Amino acid sequence: MALAIVGALLFLALDAKPMAKGLVLGTLFSILNFIMMATLLPMRLDKGRRQTFLVGLGGIGFRYVVLAVPLLISAKLDTINFYSTAAGLFMVQGVLMGDHFTRIIFNKES
């Protein structure tokens with residue numbers, strides 16, 4: 001979220017308010033997606049194979065619908081940039097992957 005706030009402040013400094021709004025909107029929904037993953041995961045444990053599959057599939061479908069909401073909002077409103085919203089949706093995943101790769105590269109034990 002901190003990276004999204006810094007990016008939004010940079011866009012605001014460049015007088016690009018729609019891009020700042022889109023970045024923050026997408027990042028907030030990305031965080032909501034991770035919260036939903038964390039809460040839905042325990043629901044899949046201790047169930048049969050078929051029920052685990054159905055709960056998992058339903059959870060994925062619900063999360064996709066939630067991730068579509070900011071994209072639909074940004075597509076309808078001119079005050080929010082669609083592309084920065086999409087970038088915001090991938091912001092949390094990008095930071096997590098960047099952190100993981102940084103740890104792999106710089107923490108090699110020889």
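Description of the structure in this document. Keep in mind that what you see is a predicted model, and the values were worked out from it rather than measured. (Residues numbered from 1 in each chain as written. Predicted model: local features only at pLDDT ≥ 70, side-chain atom pairs only at ≥ 80, totals over all residues. Heavy atoms only, no water.)

The next thing to look at is the packing of helix H4 (residues 82-89) against helix H5 (residues 91-106). If you want to describe how two helices pack, look at the angle between their axes and the distance between the axes. Between H4 and H5, the least distance of the axes is 4 Å, while the angle of their chain directions is 45°. Between H4 and H5, the angle is such that the two are oblique. On H5, the residues that touch Ala 87, Gly 88 and Leu 89 of H4 are Met 91, Val 92 and Gln 93. Here the residues of the contact of H4 with H5 sort into 4 nonpolar, 2 polar and no charged. (Axes fitted to C-alpha atoms, helices over the stretch in contact; angles between N-to-C directions. Helix = DSSP H or I, 4+ residues; strand = E, 2+ residues; numbered from the N terminus. Parallel < 35°, antiparallel > 145°, perpendicular 65-115°, else oblique. Contact = heavy atoms within 4.5 Å. Nonpolar A, V, L, I, M, F, W, Y, C, P; charged D, E, K, R; others polar.)

What follows is about the environment of Gly 88. Position of Gly 88 among the secondary structure elements: in helix H4. Put simply, Gly 88 and Leu 28 are 60 residues apart on the chain and 8.0 Å apart in space, counted from C-alpha to C-alpha.

What follows deals with the nonpolar core. Residues Leu 25, Phe 29, Met 36, Val 66, Leu 67, Ile 80 and Leu 89 constitute the largest nonpolar core, which totals 7 residues. Elements that contribute at least two residues to this core include exactly helix H2 (17-44) and helix H3 (49-76). It is H2 that contributes the most residues to this core, 3 residues altogether. (Core = buried A, V, L, I, M, F, W, Y, C linked by side-chain atoms within 4.5 Å. Buried < 20%, exposed > 50% of the residue type's maximum accessible area, 1.4 Å probe, protein only.)

Residues Met 1, Ile 5, Leu 9, Leu 12 and Leu 28 make up a contiguous nonpolar surface patch of roughly 450 Å² in combined accessible area. Counting residues per element, the nonpolar patch draws most heavily on helix H1 (residues 2-13), which supplies 3 residues. Relative to the helices and strands, Met 1 resides in the segment before H1. On the basis of relative accessibility, which here comes to 38%, the residue Met 1 falls in the partly exposed class. (Patch = residues over 30% accessible without salt bridge, like charges linked within 9 Å, V, L, I, M, F, W, Y side chains within 5 Å. Areas by Shrake-Rupley, 256 points an atom, 1.4 Å probe, with all protein chains shown as cover. Salt bridge = Lys/Arg side-chain N within 4 Å of Asp/Glu carboxyl O.)

Counted by the stated rule, this structure contains 1 aromatic pair. Here the aromatic rings of Phe 82 and Tyr 83 are separated by 5.6 Å at their centres, their planes lie at 85°, and the arrangement is edge-to-face. A relative accessible area of 65% places Tyr 83 in the exposed class. (Phe/Tyr/Trp six-rings, centres within 6.5 Å; stacked < 30°, edge-to-face > 60°.)

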